[in-house]
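# Structural features, examined
Each chain, letter by letter, is given below.
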Amino acid sequence: MLKCRTVWKKLAPLARASSTVCRQNVRRTGLPNGRIPALVPAAHMSTGPAGGGGGENRLYFALVGAAFVATGIYAYRTVQGDKQRYQERIEEISSRPNKATEKDPDTPIQPEPTAAEAPETAAVEAAEPEAVPEPEPQAAPSPEEPSPPAPDAEAAAPSETTEPPPEPSAPSEPSPADLTEPPPAPVVESEPPAAAAAESPAAAPAEPQPEVVSESAVEAVPALPKVPSHTPYLLIGGGTASFAAARSIRARDPGARVLIVTDEPDLPYMRPPLSKELWFSDDPSVTETLRFKQWNGKERSIYFQPASFYINPEELDSAENGGVAVLTGKKVVHMDVRGNKVKLDDETEISYDKCLIATGGVPRNLQVIERAGDEVMKRTTLFRKIEDFKALDKVSRNIQSVTIIGGGFLGSELACALGRRSNESGLEVIQMFPEKGNMGKVLPEYLSNWTTAKVKREGVKVISEALVKSVTCKDDKLEIQLKDGRLVKTDHIVAAVGLEPNVDLAKSAGLEVDSDFGGYRVNAELQARSNIWVAGDAACFYDIRLGRRRVEHHDHAVVSGRLAGENMTGANKPYWHQSMFWSDLGPDVGYEAIGIVDSSLPTVGVFAKATAKDTPKAATEESGTGIRSESETEDTATSPVASSSPAPAVQQHKDDYGKGVIFYLRDKVVVGIILWNVFNRMPIARKIIKDGEEHADLNEVAKLFNIHED
């Protein structure tokens with residue numbers, strides 16, 4: 001089109017002159033407006049005698065003929081010039097591959113400017129659609145070459161090329177490094193004369209070489225992990241339940257390929273040490289190493305397995321013996337149950353054969369805090385993850401006062417942990433809760449009062465029967481107004497008021513959520529659908545002994561995850577195992593519980609004098625692990641032998657509760673048991689609940705735990 005436009009500009013004056021001569025001839029013959037009457041033959045004007053204007057007609061034909069001849073000559077010369085320039089261009093390109101191999105592999109070859117990279121060539125390419133541009137890697141000038149002296153000719157050359165070189169393929173798009181580099185025309189780098197003289201068109205057979213260099217440049221840029229499009233076993237959530245399920249699946253199916261998807265940046269880890277042992281570590285770098293000493297002095301990490309235990313997600317499909325891969329920092333936002341696939345927050349889709357939902361829960365917050373504004377929320381910690389532990393550890397070292405709202409397991413553990421630190425740093429630690437004493441919803445009142453006194457001895461200021469009315473920020477302090485008029489000023493708040501099960505996927509998956517207990521409603525085999533299981537805090541399961549329940553403890557996550565993994569491989573086992581939980585108020589006082597432990601139920605406590613071995617520290621020395629459920633859940637109780645020592649009378653209101661057993665009754669049947677400073681006896685308690693029998697004398701039952709032996 002550009003050539004035609006140039007030719008037309010040259011011929012236009014001739015065409016206009018010819019038209020003017022024609023009109024003048026018409027007027028001289030007496031034809032107004034240049035129209036030819038129907039009675040006058042049109043041929044008379046052009047074939048009339050010489051005396052009637054024939055000279056002008058001959059001149060007209062001569063001019064038109066000359067114009068056509070000139071056009072032909074111009075077109076011929078243009079075509080010849082194009083062929084010559086094309087040949088020169090091909091020879092220039094053919095001389096480049098040798099230099100490409102000498103190029104530094106870390107420096108990507110700059111591709112030929114395209115319409116997006118070189119605006120000055122866009123008009124030329126748009127004006128000549130029939131031209132086929134060269135593949136980008138071949139047309140890329142080597143950084144070792146001096147740039148051409150005529151940028152205009154360089155830009156026009158690709159548009160004049162009508163056939164591509166014999167390159168097998170070309171990259172569909174340049175690497176990120178290429179996109180950020182300037183166009184090649186202004187890039188001028190010196191080249192040794194010897195290297196320039198060594199170039200020759202004979203190197204043409206090595207034309208594919210630039211493509212190889214370009215690919216190496218792309219590989220130099222870190223690529224995002226490839227997400228498998230399909231996995232036989234998909235585990236949603238990266239907590240204890242998912243890890244237990246993965247181990248169980250691999251134990252029954254050694255070649256299984258398991259993919260764990262978690263929105264946390266960390267590999268699967270245990271949560272209990274975040275509120276227990278980590279706070280008692282003397283290592284200043286504990287927030288980085290996340291290693292801690294157990295009460296028995298042995299050191300371990302909070303991670304279940306090191307990174308070497310897992311395989312990369314992109315290698316999962318090709319792993320000959322299968323394995324467990326963890327996709328961190330990704331959240332499942334949609335679940336298509338009929339299509340057996342999920343969608344991640346980056347729109348990636350993963351299909352599965354069998355799926356486990358182990359999404360756990362999110363910490364609850366007080367509505368008065370949520371309504372208080374951003375400034376109050378910035379000074380409030382909802383404790384759950386590793387990042388929460390790190391943040392609270394840092395904050396507690398830079399403030400004067402911290403208030404823990406909540407008197408349950410987490411609140412009491414954090415109060416004792418921070419209270420121990422207050423003796424060293426002068427930090428004021430306040431704990432407030434609506435009950436009369438610590439653990440008031442779990443422990444009988446007399447034992448709750450004793451626990452409260454223990455927490456106070458750790459340096460904690462306890463405010464019981466406290467209902468928060470409002471929270472405001474004033475004079476760089478948080479003011480907590482209680483409903484009874486009391487006012488508490490503090491620098492930071494830790495809200496430990498329970499856990500809300502994460503059921504975000506229920507709507508898209510069409511899964512049922514239990515209206516009474518929360519969580520996904522599953523059967524005794526932990527199934528929500530034929531190929532979907534739920535485990536951990538998010539599972540509301542049917543207990544064949546105690547009815548429908550939902551449990552939020554580490555041991556339940558281990559047991560339910562293990563069972564779900566077995567059932568995903570075809571075991572079809574019901575959930576009959578009674579999970580336990582434990583809590584330590586420092587290294588000297590701890591308890592383990594199983595079943596339904598609710599302070600509103602009737603209780604019977606049998607206590608004895610404690611010895612030096614009746615502490616959490618001694619228990620870990622005997623079991624070798626601080627996570628006591630790891631050892632006890634593998635044991636079973638068969639025909640326990642009662643102690644021969646005489647049992648004292650039932651003690652419920654004495655001040656010394658060294659060690660003992662608390663039975664929780666419903667319809668005269670034991671449904672829950674707490675072992676107070678009594679360790680490694682949980683299988684016995686589990687069997688008592690499983691039997692479901694009435695007991696006339698619980699003193700005799702207490703003998704099974706050997707609490708009266710020194």
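Thresholds, definitions, all that
- Residues numbered from 1 in each chain as written.
- Predicted model: local features only at pLDDT ≥ 70, side-chain atom pairs only at ≥ 80, totals over all residues.
- Heavy atoms only, no water.
- Core = buried A, V, L, I, M, F, W, Y, C linked by side-chain atoms within 4.5 Å.
- Buried < 20%, exposed > 50% of the residue type's maximum accessible area, 1.4 Å probe, protein only.
- Helix = DSSP H or I, 4+ residues; strand = E, 2+ residues; numbered from the N terminus.
- Contact = heavy atoms within 4.5 Å.
- Patch = residues over 30% accessible without salt bridge, like charges linked within 9 Å, V, L, I, M, F, W, Y side chains within 5 Å.
- Areas by Shrake-Rupley, 256 points an atom, 1.4 Å probe, with all protein chains shown as cover.
- Salt bridge = Lys/Arg side-chain N within 4 Å of Asp/Glu carboxyl O.
- Pairing = 2+ DSSP bridges.
- Right-handed = clockwise from strand over helix to strand, strands pointing away.
- Axes fitted to C-alpha atoms, helices over the stretch in contact; angles between N-to-C directions.
- Expected span 1.5 Å × (residues − 1).

### Side note on the nonpolar core
Phe663, Ile673, Trp676 and Phe705 are the most contacted members of the largest nonpolar core, which has 127 residues in total. Per-element tally for this core: the top contributor is strand E28 (residues 669-676), with 6 residues. Beyond its immediate chain neighbours, meaning those up to four positions away, phenylalanine 705 contacts Val661, Phe663, Ile673, Leu675, Val678, Arg681, Ile684, Ala685 and Ile688. In terms of nonpolar packing, the next biggest core, distinct from the first, is built from 15 residues, Ala466, Val471, Ile480 and Val488 among them.

### A closer look at a nonpolar patch on the surface
Residues Tyr542, Ile544 and Trp576 make up a contiguous nonpolar surface patch of roughly 330 Å² in combined accessible area. With respect to the helices and strands, the residue tryptophan 576 is situated in the loop between helix H19 (554-568) and strand E24 (580-584).

### A few points about the pairing of strand E12 (residues 428-432)
Here E12 lies mainly inside the structure; 4 of its 5 residues are buried. Pairing analysis gives 5 bridges linking strand E11 (residues 401-405) to E12, with the strands arranged parallel. When the bridges of E12 are listed, isoleucine 404 appears paired with glutamine 431. Across 4 bridges, the pairing between E12 and strand E13 (residues 460-463) is parallel. Its bridge partner lying in E13, valine 429 is registered against valine 460. In this view, the connection linking E12 to its parallel neighbour E13 by way of helix H17 (residues 445-457) has right-handed handedness.

### Considerations on the sheet that holds E13
The 5 strands lie next to each other as E10-E17-E11-E12-E13, forming an open sheet whose pairing is parallel. Every other strand in the sheet has two partners, leaving strand E10 (380-382) and E13 as the edge strands with one partner each. Recorded for the sheet is a direction-independent mean angle of 20° between the axes of neighbouring strands.

### Notes on the environment of alanine 453
Structurally, alanine 453 is set in helix H17. Relative accessible area serves as the criterion here: at 30%, alanine 453 is assigned to the partly exposed category. Alanine 453 sits 15 residues away from asparagine 438 along the chain, and the two C-alpha atoms are 8.9 Å apart.

### Some remarks on H17
For an α-helix the count is 3.6 residues per turn, leaving residues at separations of three or four pointing the same way. An ideal rise of 1.5 Å per residue puts 18 Å on 13 residues; H17 measures up with 19 Å between its terminal C-alpha atoms. The complete set of buried residues in H17 reads Tyr446, Leu447, Ser448, Trp450, Thr451, Thr452, Lys454 and Val455. Where the residues of H17 are buried, they touch helix H16 (409-425), E12, E13, strand E26 (603-608), strand E27 (659-666) and E28. Looking one or two residues beyond H17, the residue adopting positive phi is glycine 459, at roughly 100°.

### Some thoughts on the environment of histidine 577
Positionally, histidine 577 belongs in the loop between H19 and E24. In this structure, the C-alpha to C-alpha distance between histidine 577 and isoleucine 544, residues 33 residues apart in sequence, is 9.5 Å.

### Quick word on the environment of tyrosine 310
Following the sequence through the fold, tyrosine 310 ends up in the loop between strand E4 (299-301) and strand E5 (323-327). By relative accessible area, which is 9% here, tyrosine 310 ends up buried. A C-alpha to C-alpha distance of 10.0 Å links tyrosine 310 and leucine 259, two positions 51 residues apart in sequence. Here tyrosine 310 is in contact with Phe243, Leu267, Pro268, Gln305, Val324 and Val326, once residues within four sequence places are set aside.

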